[in-house]
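Chain by chain, the residues run as shown.
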Protein chains: 2
Amino acid sequence: MNRSRRKGELIVLSGPSGVGKSTVISELMGSRGNLYFSVSFTTRAPRVGEADGVNYNFVDRAEFERMIAAGELLEYAEYVGNYYGTSLKLIQDKIEEGIDVLLDIEVQGAAKVRARCPEAVLIFIIPPSFEELSRRLHSRATDPEDVIQGRLQKAHDEYREIVTYDYLVVNDTVSNAAAEIVSILTAESCRAKKRINMIEGI
Amino acid sequence: MNRSRRKGELIVLSGPSGVGKSTVISELMGSRGNLYFSVSFTTRAPRVGEADGVNYNFVDRAEFERMIAAGELLEYAEYVGNYYGTSLKLIQDKIEEGIDVLLDIEVQGAAKVRARCPEAVLIFIIPPSFEELSRRLHSRATDPEDVIQGRLQKAHDEYREIVTYDYLVVNDTVSNAAAEIVSILTAESCRAKKRINMIEGI
């Protein structure tokens with residue numbers, strides 16, 4: 001078997017604001033090699049502790065709209081008044097190199113990725129309960145109450161889209177959620193339709 | 001989330017004679033709870049070291065043909081002159097109890113299971129190379145040369161059916177193969193379409 005011919009997987013992670021995606025992604029990046037996190041571009045203001053080029057690439061609306069016009073984005077969406085988008089070129093290069101690429105994008109963006117890349121693996125992360133999501137959003141204490149209520153309503157609406165995802169992971173603990181995602185990545189690399197191309201003489 | 005409502009998975013393992021399925025299955029049964037191995041019925045003679053009710057339920061042709069006529073089999077097939085088949089009732093009970101059921105059956109039987117249970121998870125196990133398979137069959141020293149050649153030809157023919165399986169696992173080492181199958185089982189339990197029924201309020 002020639003493992004070098006393997007292409008990387010494109011993995012989309014979605015989930016409501018406050019579910020703990022960033023923490024799960026940090027755990028994944030620390031525990032699994034051969035994984036690249038695609039930092040999204042956004043026009044929203046950085047939160048306390050967020051760094052440009054790490055959590056997001058922070059740009060203004062004029063620059064974001066230039067990127068849209070230039071066709072530089074795999075997908076983009078507007079969400080609670082701000083743009084979020086994903087650069088195309090870097091992702092393509094990593095996948096060709098055999099590196100798995102992780103995207104953290106919301107449901108509108110995920111649907112666009114699925115339409116352009118049907119082989120992408122879509123994972124939705126939920127909290128153990130809605131009450132727990134509300135508690136986490138309030139304990140974060142970075143958003144005013146009306147923004148938190150907007151995020152909860154948005155989460156409620158997004159739950160209807162879960163059926164369009166391949167996998168559903170419950171973030172009860174970060175290590176459980178990360179372990180399930182690692183299993184999903186391993187299983188996807190075992191898909192017969194992908195792996196058969198690596199077997200000589202078939 | 002109410003995990004008690006989860007049904008078990010039906011997992012089919014196929015692969016050429018000599019690939020080491022029995023050893024991989026022993027490793028799986030030892031490392032993972034909530035997993036039941038469905039012992040097949042067969043009319044072939046026991047090999048050295050094989051026990052009735054453990055490796056197979058060994059029956060004669062008259063008894064096997066009675067089971068066929070009585071509708072007691074999920075699937076059965078004739079392979080290298082012997083019948084192999086799977087009992088239906090016990091599998092159904094285990095799956096309802098939320099226990100994953102593992103079947104070791106060849107490609108004809110797997111196709112019949114897929115037709116009757118579209119949600120079954122089909123895994124094909126291959127050796128690292130065809131030369132390695134030949135070496136393993138000869139080192140086993142339980143079959144005469146013409147039977148070994150028949151098994152190798154059969155393996156060659158079966159490889160064409162790999163595309164009809166969900167997953168392809170390479171048995172380079174038993175622990176690698178078992179770990180990949182454990183990841184596949186975990187990933188399958190995370191499938192959004194299955195798991196969404198366990199989330200309250202969706």
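Above this note sits the structure.
Presented here is a report on the structure given in the accompanying data block. Per chain, residue numbering runs from 1 following the sequence as it is written. Here the convention is simple: chains get letters from A, ligands get numbers from 1, in the order in which they are written. Per-residue local features are limited, in this predicted model, to residues with pLDDT of at least 70; the limit for side-chain atom pairs, both in listing and counting, is 80 or more; totals at the level of whole chains, interfaces and linings are taken over all residues. The side-chain quantities take in all heavy atoms of the structure and omit both hydrogens and water.

## A short note on the packing of helix 5 (residues 130-140) of chain B against helix 6 (residues 145-158) of chain B
Residues and elements named next belong to chain B. Here the axes come from fitting lines to C-alpha atoms, over the contacting stretch only for helices, and the angles between their N-to-C directions go from 0 to 180 degrees. To qualify as a helix, a DSSP run of H or I must reach at least 4 residues; to qualify as a strand, a run of E must reach at least 2; elements of each kind are numbered from the N terminus. Two elements in contact, helix 5 and helix 6, have axes whose closest approach is 10 Å; the angle formed by their N-to-C orientations is 150°. With respect to helix 6, the axis of helix 5 lies roughly antiparallel. You can see that helix 5 and helix 6 cross each other, and the crossing is right-handed. Counted together, Phe 130, Leu 133, Ser 134, Leu 137, His 138 and Arg 140 of helix 5 and Glu 145, Ile 148, Gln 149, Arg 151, Leu 152, Ala 155 and His 156 of helix 6 form the full contact between these two elements. Its residues assigned to classes, the contact of helix 5 with helix 6 shows six nonpolar, four polar and three charged. Put simply, angles under 35 degrees are roughly parallel, angles over 145 are roughly antiparallel, angles from 65 to 115 are roughly perpendicular, and the rest are oblique. Handedness of a crossing follows from how the near helix is turned relative to the far one, being left-handed for an anticlockwise turn of less than a right angle and right-handed for a clockwise one. Contact definition: two residues touch when any of their heavy atoms are within 4.5 Å. Here the nonpolar group is Ala, Val, Leu, Ile, Met, Phe, Trp, Tyr, Cys and Pro; Asp, Glu, Lys and Arg are the charged ones; every other residue, Gly included, is treated as polar.

## Details of the pairing of strand 5 (residues 73-79) of chain B
All names here are of chain B. Burial classes follow relative accessibility: with a 1.4 Å probe on protein chains only, a residue under 20% of its type's maximum area counts as buried, one over 50% as exposed, and anything between as partly exposed. Counting buried residues in strand 5 gives five out of seven residues, a clear majority hidden from the surface. Any two strands are treated as partners once DSSP identifies two or more bridges connecting them. Pairing geometry for strand 5 and strand 6 (residues 82-87), over six bridges, is antiparallel. Note on strand 6: the bridge partner recorded for Leu 73 is Ser 87. Between strand 5 and strand 6, which pair antiparallel one after the other, the connecting turn spans two residues, and Val 80 there sits at a positive phi close to 45°.

## Some points on the pattern of salt bridges
Residue and element names in this part refer to chain A. By definition here, a salt bridge exists when the distance from a side-chain nitrogen of Lys or Arg to a carboxyl oxygen of Asp or Glu is within 4 Å. Enumeration according to the criterion identifies 34 salt bridges over all chains in this entry. Between Arg 151 and Asp 143 there is a salt bridge, with its nearest N and O atoms 3.2 Å apart. Each member of the pair, Arg 151 as well as Asp 143, is classed as buried. Residues joined in a network through salt bridges with shared partners are Glu 9, Glu 188, Arg 191 and Lys 194.

## Topic: the relation of the copies chain B and chain A
Here the copies were fitted onto each other by least squares, based on C-alpha atoms from residues at pLDDT of at least 70 in both. Between chain B and chain A, which share one sequence, the superposing operator has a rotation angle of 180° and an axial displacement of 0.0 Å; the RMSD is 0.0 Å. Such a turn and shift between the copies fits a two-fold axis. Among all residues of chain B, the minimum C-alpha distance to the rotation axis is found for B:Ser183, at 2.2 Å. When the interface residues of chain B are mapped onto chain A, 100% of them again fall at the interface, so both copies present the same face.

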